[in-house]
Amino acid sequence: NPLLPFDINNALFIPIKADRRLVNSTGYISNIAIRAREHHDPIQALSDVSNHFRQIKSSAQVMGALQLIDNMKQQGQLFKWLLGGIAAISLLVGGIGIMNAMLADISDRKTGIGLRIAIGADRFSIMAMIVTESTLLAFIGGGAGVLLGLGISTAFAWFSGWTPQIFVPAACLGFGMSVVTGLFFGIYPALRASALSPIETLRSE
C-alpha cells in the first residue's frame, strides 16, 4: 500500500515501549495499522474503531482497505484523464505544426503544383501527394518520439535500479495516433493545394 510508509509483509513488529527505547522516540504516532480477527466483519471493525476515536474526541482519520482501494482507483482514473488530456493537447499542437509546415511548403511550391495541374493532374492526385507528405512527416516524427521515449524511460529505469518493462501496445498506439494526426491535419493543406489555379500559379513565376 503506497499510502503506508512501510511494507507490512516485510516489517518487524515490536512493542511501542521497546521502539521508544531503541530510537529515543517522542511517543508521537502517525499511523496505526489494524488487522481484523479471522471471521470478523472488517466493515464492523472499521465502524468500531471509528466510534472509539469519536468517543475519545480524536481527529484521527479511519480508512478501511476497501476505501483505500477505491481512493487509489479514483486517483488512477484522475491521472489517466490528466495524461490523456496532455496527450491530446500534444497531438493538437503537433498537428497544427504539421499543417502550418505543409501550408508554407505549398506556398513555396505553387509553380510546381500549378504545372502538374496544367499537364493533366487531377485534384485527387494533388490531394494524395500532399496528404502522403504530411503523413510521412508525422510517421518520421512519431517514430523518433517513440524511440526517444523508450530510450529515456529505459535510462531512467536503469539509473533507478528498476527492471524496465516495455508495453508494446502503448508504444504502437502512440505511434499510430501520430500518423493519424498527420493524415488528418494534412487534409486542409491538400484541399488548398488542389484548389490552386494553374494560370495564376504559372503567371506568378
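Residues numbered from 1 in each chain as written. Predicted model: local features only at pLDDT ≥ 70, side-chain atom pairs only at ≥ 80, totals over all residues. Heavy atoms only, no water.

**Considerations on the overall build of the protein chain**
(1) Moving on: From N to C terminus, the protein chain includes eight helices and zero strands.
(2) Moving on: Listing every helix and strand of the protein chain by position from the N terminus yields α-α-α-α-α-α-α-α.
(3) Moving on: Taken against the 2.2 N^0.38 rule, which gives 17 Å for 205 residues, the C-alpha radius of gyration of the protein chain at 31 Å runs more than 25% over that of a compact globule.
(4) Moving on: Within the protein chain, the proportion of its 205 residues that are buried is 19%.
(5) Moving on: Across the protein chain, contacts joining residues at least 24 apart in sequence account for 74% of those joining residues at least 6 apart. (Helix = DSSP H or I, 4+ residues; strand = E, 2+ residues; numbered from the N terminus. Rg over C-alpha atoms; globule rule 2.2 N^0.38 Å. Buried < 20%, exposed > 50% of the residue type's maximum accessible area, 1.4 Å probe, protein only. Contact = heavy atoms within 4.5 Å.)

**So, the environment of Arg21**
(1) Moving on: Counting through the fold element by element, Arg21 comes out in helix 1 (residues 16–23).
(2) Moving on: Look at Arg21 and you get exposed, because its relative accessible area is 63%.
(3) Moving on: On a C-alpha basis, the gap between Arg21 and Ile113 in space is 85 Å, while along the polypeptide they are 92 residues apart.

**What to know about the packing of aromatic side chains**
(1) Moving on: Throughout the structure, instances matching the rule amount to three aromatic pairs.
(2) Moving on: Plain terms: the ring middles of Phe139 and Phe175 are 5.0 Å apart, the flat faces sit at 75 degrees to each other, and that makes the pair edge-to-face. Taken as a pair, Phe139 in helix 5 (residues 123–160) and Phe175 in helix 6 (residues 168–185) lie far apart in primary sequence, 36 residues in all. (Phe/Tyr/Trp six-rings, centres within 6.5 Å; stacked < 30°, edge-to-face > 60°.)

**A few points about the nonpolar core**
(1) Moving on: One finds Ile106, Ile113, Ile126, Ile130 and Ala193 to be the most contacted residues of the largest nonpolar core, which totals 13 residues.
(2) Moving on: Breaking this core down by element, the ones donating at least two residues are helix 3 (65–108), helix 4 (110–118), helix 5 and helix 7 (187–194).
(3) Moving on: Of all the elements, helix 5 adds the most residues to this core, at five residues.
(4) Moving on: Not counting residues within four places of it along the chain, the set of residues in contact with Ile113 comprises Ile106, Ile126, Met129, Ala193 and Leu196. (Core = buried A, V, L, I, M, F, W, Y, C linked by side-chain atoms within 4.5 Å.)

**Re a nonpolar patch on the surface**
(1) Moving on: Taken together, Ile16, Ile29, Ile32 and Ile34 make up a surface patch of nonpolar side chains, about 400 Å² in accessible area.
(2) Moving on: Examined against the element boundaries, Ile32 turns out to sit in the loop between helix 1 and helix 2 (42–55).
(3) Moving on: Ile32 sits in the exposed class, given a relative accessible area of 58%. (Patch = residues over 30% accessible without salt bridge, like charges linked within 9 Å, V, L, I, M, F, W, Y side chains within 5 Å. Areas by Shrake-Rupley, 256 points an atom, 1.4 Å probe, with all protein chains shown as cover. Salt bridge = Lys/Arg side-chain N within 4 Å of Asp/Glu carboxyl O.)

**Let's talk about helix 3**
(1) Moving on: In a regular helix each residue adds 1.5 Å, so 44 residues correspond to 64 Å; helix 3 covers 64 Å between its end C-alpha atoms and thus fits that length.
(2) Moving on: Restricting attention to buried positions, one finds in helix 3 the residues Leu68, Gly95, Ile98, Met99, Met102 and Ile106. (Expected span 1.5 Å × (residues − 1).)

**A few points about the pattern of salt bridges**
(1) Moving on: For the structure shown, the criterion picks out two salt bridges.
(2) Moving on: The partner of Asp105 in a salt bridge is Arg109, and the shortest N-O contact between them spans 2.4 Å.
(3) Moving on: Residue classification places Arg109 among the partly exposed positions, given a relative accessible area of 25%.
(4) Moving on: One salt bridge connects Arg109 with Glu133, and the closest N-O pair in it is separated by 2.9 Å. With Arg109 in the loop between helix 3 and helix 4 and Glu133 in helix 5, this residue pair connects regions lying 24 residues apart in the sequence.
(5) Moving on: Assessed through its relative accessible area of 27%, Glu133 is described here as partly exposed.

**Here we look at the layout of surface pockets**
(1) Moving on: Considered as a void within the structure, the largest pocket measures approximately 1100 Å³ in volume.
(2) Moving on: If you trace the largest pocket, you find 30 residues lining it, with Ile32, Ala33, Ile34, Met63 and Gly64 closest to the centre.
(3) Moving on: At the level of secondary structure, the elements contributing two or more residues to the lining of the largest pocket comprise helix 2 and helix 3.
(4) Moving on: The residue inventory of the lining of the largest pocket, partitioned by class, reads 23 nonpolar, six polar and one charged. (1 Å grid on protein atoms, 1.4 Å probe; cavity = no way out; pocket = protein on both sides within 12 Å on 5 of 7 lines; lining within 4 Å. Points joined across faces, edges and corners; volume = space filled by probe spheres on them. Nonpolar A, V, L, I, M, F, W, Y, C, P; charged D, E, K, R; others polar.)

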